[in-house]
Amino acid sequence: MNIIAVAINHHTAPIELREALYLQNNEIRDFIREFQSHLTREICILSTCNRTEIYCIPNSLDLTYKEIQNFLLQKKSVQNISPSNFRNYFSCGAVNHLFHIAAGIDSLVIGDQQILGQVKDAFTIAAEENSIGTYLQKVFQSALKVGKRVKTETDLFEGPSSISAAAVQLAAKIFSDLKKKKVLIIGAGETSRLTIQNLKQKDVKNITITNRTLSRAESLANEFNVAVIPFIEFKDVLHEFDIIISATSSPEPLVSKPEIISVMSKRKNQPLCILDIAIPRDFDPAVKDIENVFYNDIDALQVIVNQNLERRQSQIPKIKKIIMEELIELFSWYNSLQISPIIRALREQFEQIRSQEFEFFKNKFLPEQQQNLELLTKRIINKLLHNPTVYLRKSADTLDTQGDLNLRLEIIKEMFNIQNQIKNNDE
Amino acid sequence: MINLIHSLNSLLPLFYGITFLLYLLNFFYEKRGLSLWKRLSLFITLFFHFFYLLIRTLEFKHTPITTVFEIMTLLAFAITISYYIIELVTDVRNTGTFILFLPLIFQTISSFNIKDLLEVKDILRSPYLGFHVFTALSGYAGITFSAIYGLLYLLLYKQIKTQKFGLIFNRMPSLEMLEYLSMVSALVGFVMLTIAIVIGFIWLPQAFTEPSYFDPKLVATIIVWLFYAFGISGKWFFKWSGRKIVYLSITGFVISLFSMSILNLVFTGFHKFF
């Protein structure tokens, strides 16, 4: 399969370059239209914050990956980029790379769930732009199938892979229904934002933010539609919250052990989950000695993240097996596309010879014998062609290397002189 | 029919053993296939056990409550079906490992010792007795469940507190759920024991000419009952929760286990008067 993939991603380029080459959806559409009219039959572009990758089936064998790279760089002027920032893939390598992406094992954090949706979006845009033909359609459908199989047949996406997600998982090990719990977020930085995102994914509705700079807390609160309380007041209402997640940059601890003892007294000793993601820590670590206070800091959460990442790594052999199965299926399909015309041409040629010879000799037989003669010759032809047909089909299924298969097909074409017949059929 | 009863009696420990093994394997290796197989195995075990109890009752013309070993097979069934219902209702699937070893033990002991009883005393055919035994068994099954869930609560509590996130952390439901399961089991157990005691008190003077209200098992049961009444009242009126209530549940179970074990060693019958 003459497929070329040109990729720039987190393996090859720093974030500045990836950002500079990121293509918005409208840019992808423009790119596809311009590129398709000049250089390719089929093209699909995947562009996310971590990668921009172009998959295409060129019009001619003359098109190289360099022209694709240059075309991209003409559209997006980027400083300090070098050839080493690109990876280029061909044929089976390109498909294999796409399958790894769709499976979620080529992502920055292994097991990224978003990537499958992004592959699907890339495919949809290309389909809308009519830049997907028989080959890329099959390749992308197979890639989406890989992603779905990984989701259903492995545990790759199980468990959190970030500190903020681990914080939410830990809280879920204490409380059975997070939706009904009151959560206080102390701090309004990036960690707090990610934590709120994770809480919202769990349908937690009762979230309150507090931050030393009120405007930042309000900005974050508006973004997620959650409540805000002034920083100087948060200690007065600490007892009202079941889960407290703290991620400030305060150099000193904000809450002491006696304060939490007082909070627990007001809570009538109901469980309290404190997740201290700040460095240095916002809570006195001694609060973990208090009954029914579940205090965990960033180190504890990192243990959970590491456990999950290890488990995800352990899924890779299973995922590679899925990828291999889908690669075999895809290339069997592709090989069968090449083999069918040859089988057809072979049969037509044999039939042509048989009918010519039959016409030539039939008058030497009695009219009542001619029908049997025709039947006999047809049977002989079928028997002669049975083994070659089976052999060719088996070659497609067993996925010989593309070179091997092409060599065999060429020998058969030359041996039976069916080159012209295949061309005529194609026309 | 007798042959079928004997065959099922021999097969049931095997069924329970396979089911327990599948739950154990799934606890260590969380695989989708195993999760489905263990549930299927549990269902099949329950189905055959129910069928065994049914044909045994029909063949011997009495409910299997006349000997300790008949009661053990009934207890194994009661624990398993209760667990099955809990698993279906709560979708908490990983606690079975800690519960299903009990029916395996009870059924194995029963299968090796149970006899074909065609003749039983008239008193053992009383519907009151059947109800009494059923509620008492359910009551003790309830407090056993409560203690097991309580123990799992303590293990998970310790792992979270000490920040050592092992298998218990990864496999168990939340602390709140374990506390809830422990509490509900204790409540069901308490209610069932209450009914068993009340039926016993009503039926006792009708059935026996010389009944004794100071029978050791009766006294032990009442002590256990009072203990759980104390714990449930604490939960109800003083909002006791967490480890305090769990410790009470486990203590109650230990009291009942020791008292019943000792009494079963000393006395051969169910009660002093029988």
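What you see is a predicted model, and the numbers here were worked out from it, not measured in a lab.

Caption draft 1: How the structure looks around the overall build of chain A. The number of helices and strands found in chain A is 15 helices and ten strands. Taken over the C-alpha trace, chain A has a radius of gyration of 32 Å; the compact-globule value for 427 residues is 22 Å, which it surpasses by more than 25%. The long-range fraction of contacts in chain A, counting pairs at least 24 apart against all pairs at least 6 apart in sequence, stands at 72%. Of the roughly 21,400 Å² of accessible surface on chain A, a fraction of 50% belongs to carbon and sulfur atoms. Distance between charge centroids for chain A: 4 Å, based on 51 positive and 52 negative side chains.

Caption draft 2: Quick look at unusual backbone geometry. With an omega of -5°, the peptide bond running from Ile-279 of chain A to Pro-280 of chain A counts as cis. Topologically, Pro-280 of chain A is positioned in the loop between strand E9 (272-276) and strand E10 (293-297). Of note, Asn-130 of chain A is a non-glycine position whose phi angle comes to about 55°, a positive value. Structurally, the position occupied by Asn-130 of chain A is in the loop between helix H5 (114-128) and helix H6 (134-153). Under the relative-accessibility criterion, Asn-130 of chain A is labelled exposed at 62%. In this structure, Lys-239 of chain B takes a positive phi of about 55° despite not being glycine.

Caption draft 3: Quick peek at the sheet that holds strand E5 (residues 183-186) of chain A. Residue and element names in this part refer to chain A. The strand order E7-E6-E5-E8-E9-E10 describes an open sheet built from six strands, whose pairing is parallel. Of all the strands in the sheet, just strand E7 (227-228) and E10 have a single pairing partner and so form its edges. As paired strands, E5 and strand E8 (residues 243-246) are joined by four bridges and run parallel to one another. From the neighbouring strand, Ile-185 faces E8, where its bridge partner is Ile-245. Across the sheet, helix H7 (residues 163-174) is in contact with E8, E9 and E10; its angle to E9 comes to roughly 165°. Taken strand by strand, helix H11 (residues 298-314) contacts E9 and E10, and its axis lies near 75° from that of E10.

Caption draft 4: The arrangement of the pairing of strand E6 (residues 207-210) of chain A in detail. Residue and element names in this part refer to chain A. In E6, alternate side chains face the same way, and those of Ile-207 and Ile-209 on one face and Thr-208 and Thr-210 on the other are all buried. Where E5 lies against E6, four bridges are found, and the strand directions are parallel. Each bridged residue has a counterpart across the sheet, and for Leu-184 the counterpart in E6 is Thr-208. Handedness of the crossover joining E5 and E6 through helix H8 (residues 190-201) is recorded here as right-handed. Summarising the sheet, E6 and E7 pair through two bridges and their orientation is parallel. Across the sheet, the residue bridging to Ile-209 is Val-228, located in E7. Regarding the hand of the β-α-β motif, the stretch spanning E6, helix H9 (residues 214-224) and E7 is right-handed.

What counts, and where the lines are drawn
- Residues numbered from 1 in each chain as written.
- Chains lettered and ligands numbered in written order.
- Predicted model: local features only at pLDDT ≥ 70, side-chain atom pairs only at ≥ 80, totals over all residues.
- Heavy atoms only, no water.
- Helix = DSSP H or I, 4+ residues; strand = E, 2+ residues; numbered from the N terminus.
- Rg over C-alpha atoms; globule rule 2.2 N^0.38 Å.
- Contact = heavy atoms within 4.5 Å.
- Areas by Shrake-Rupley, 256 points an atom, 1.4 Å probe, with all protein chains shown as cover.
- Lys, Arg positive; Asp, Glu negative; His and termini not counted.
- Charge placed at Lys NZ, Arg CZ, Asp CG, Glu CD.
- Buried < 20%, exposed > 50% of the residue type's maximum accessible area, 1.4 Å probe, protein only.
- Pairing = 2+ DSSP bridges.
- Axes fitted to C-alpha atoms, helices over the stretch in contact; angles between N-to-C directions.
- Right-handed = clockwise from strand over helix to strand, strands pointing away.

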